[in-house]
Amino acid sequence: GAGVSQSPSNKVTEKGKDVELRCDPISGHTALYWYRQSLGQGLEFLIYFQGNSAPDKSGLPSDRFSAERTGGSVSTLTIQRTQQEDSAVYLCASSSQGGGEKLFFGSGTQLSVL
Amino acid sequence: GESVGLHLPTLSVQEGDNSIINCAYSNSASDYFIWYKQESGKGPQFIIDIRSNMDKRQGQRVTVLLNKTVKHLSLQIAATQPGDSAVYFCAETFHGNEKLTFGTGTRLTIIP
């Protein structure tokens, strides 16, 4: 597709379960970002991938969170042993430029932890 | 730590009028600023950006103003339309930093 694609669009899980969120960036975009948006809040940076460089994981809130980007394209954000405070919209963005410029966002995954 | 915030959480404007959304930032090292629009159920959409070597930049019906002296950013939307109703976020970063810092957003409602 032409834009950033995220799946699933909605995910309901039980506390303690693991979840995987997927992001398909725009073809050719070398930079990929994950952000988290809690209800009524701004976006919180989680992790950044640029090409083959080591990812910037400085925004991950705990070691329960991890992300991978395979082949420089698709990325998966994994949350282990989910907690209720993990409930949020998880947004993926990609860019052809990096440096925080011209990010194109997907529609996000709404995660609800019961 | 650095923060980016908005003065008003909500703003209602009559259709056809102009609107101004304000944003304050605290990191004097920030040199790149962006406005995003987020409609319900969607991800943020890029509107316009500005670098710190400029104080004004215009797009289609939108203008961004940057005042580095007081660390203030504003988004002006001319001749507002119902489709302009959304949450607007300012974001900032600096050279060499890959992370955008977002404000909490202003909800703009256009009254028909």
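Heads up: the structure comes first, above all this text.
Residues numbered from 1 in each chain as written. Chains lettered and ligands numbered in written order. Predicted model: local features only at pLDDT ≥ 70, side-chain atom pairs only at ≥ 80, totals over all residues. Heavy atoms only, no water.

### Concerning the overall build of chain B
Then, in step 1: In terms of regular secondary structure, chain B is built from 0 helices and 11 strands.
Then, in step 2: Projecting the C-alpha coordinates of chain B onto the three principal axes gives extents of approximately 40 × 25 × 20 Å.
Then, in step 3: Buried residues in chain B amount to 43% of all 112 residues.
Then, in step 4: Counted over contacts in chain B with a minimum sequence separation of 6, partners at least 24 positions apart contribute 53%.
Then, in step 5: Element-wise, carbon and sulfur atoms account for 46% of the exposed surface of chain B, whose accessible area totals about 5500 Å². (Helix = DSSP H or I, 4+ residues; strand = E, 2+ residues; numbered from the N terminus. Buried < 20%, exposed > 50% of the residue type's maximum accessible area, 1.4 Å probe, protein only. Contact = heavy atoms within 4.5 Å. Areas by Shrake-Rupley, 256 points an atom, 1.4 Å probe, with all protein chains shown as cover.)

### Observations concerning the state of the cysteines
Residue and element names in this part refer to chain A.
Then, in step 1: Under the counting rule described, the total for this entry stands at 2 disulfides over all chains.
Then, in step 2: Between the sulfur atoms of Cys 23 and its disulfide mate Cys 92 the distance is 1.9 Å. Torsion about the S-S bond of the Cys 23 and Cys 92 cystine: about -65 degrees, corresponding to left-handed handedness. Of this pair, Cys 23 sits in strand S3 (residues 19-24) while Cys 92 is found in strand S8 (residues 88-95), placing the two residues 69 residues apart along the sequence. (Disulfide = S-S within 2.5 Å.)

### Observations regarding the pattern of salt bridges
Then, in step 1: Under the counting rule described, the total for this entry stands at 8 salt bridges over all chains.
Then, in step 2: In this structure, Asp 56 of chain A and Lys 99 of chain B form a salt bridge, with 3.7 Å as the shortest nitrogen-oxygen distance. Pair noted here: Asp 56 of chain A is in the loop between strand S5 (43-50) and strand S6 (65-69) and Lys 99 of chain B is in the loop between strand S9 (86-93) and strand S10 (101-102), and the two residues belong to different chains.
Then, in step 3: Ionic pairing is found between Lys 42 of chain B and Glu 39 of chain B, a salt bridge with its closest N-O pair at 3.9 Å.
Then, in step 4: The structure contains a network of salt bridges with shared partners spanning Lys 102 of chain A together with Asp 49 and Arg 57 of chain B. (Salt bridge = Lys/Arg side-chain N within 4 Å of Asp/Glu carboxyl O.)

### Details of the sheet that holds S3 of chain A
Residues and elements named next belong to chain A.
Then, in step 1: Judged by pairing direction, the sheet is antiparallel, and its 4 strands sit side by side in the order S1-S3-S7-S6 without closing on themselves. The open sheet is flanked by strand S1 (5-7) and S6, the only strands paired with a single partner. The average undirected angle you get between the axes of adjacent strands in this sheet is 15 degrees.
Then, in step 2: Bridging between S3 and strand S7 (residues 75-79) involves 5 bridges; their strand directions are antiparallel. By the bridge assignment for S7, Cys 23 is matched with Ser 75. (Pairing = 2+ DSSP bridges. Axes fitted to C-alpha atoms, helices over the stretch in contact; angles between N-to-C directions.)

### Topic: the interface of chain B and chain A
Then, in step 1: Taken together, the contact pairs 20 residues of chain B with 21 residues of chain A.
Then, in step 2: Looking only at chain B, the three residues that lose the most surface to chain A are Glu 98, Lys 99 and Phe 102 of chain B, adding up to 35% of its buried area.
Then, in step 3: Across the contact surface, chain B and chain A share 2 salt bridges.
Then, in step 4: Close ionic contact of Asp 49 of chain B with Lys 102 of chain A constitutes a salt bridge, the shortest N to O distance being 2.8 Å.
Then, in step 5: Counting across the interface, chain B meets chain A through 5 residue pairs in polar contact (both at pLDDT 80 or more). (Buried area = accessible area lost by both parts, 1.4 Å probe. Polar contact = N/O pair within 3.5 Å; in protein donor to acceptor, adjacent residues only side chain to side chain.)

### Details of the side chain of Lys 37 of chain B
All names here are of chain B.
Then, in step 1: Inspection of the secondary structure puts Lys 37 in strand S4 (residues 32-38).
Then, in step 2: Although Lys 37 is buried, it makes no salt bridge; Glu 39 carries the closest opposite charge, 4.4 Å away.
Then, in step 3: Setting aside anything within four residues of it in sequence, one finds Lys 37 in contact with Gly 43, Pro 44, Gln 45, Ile 47, Gly 83, Asp 84, Ala 86, Val 87 and Tyr 88. (Lys, Arg positive; Asp, Glu negative; His and termini not counted.)

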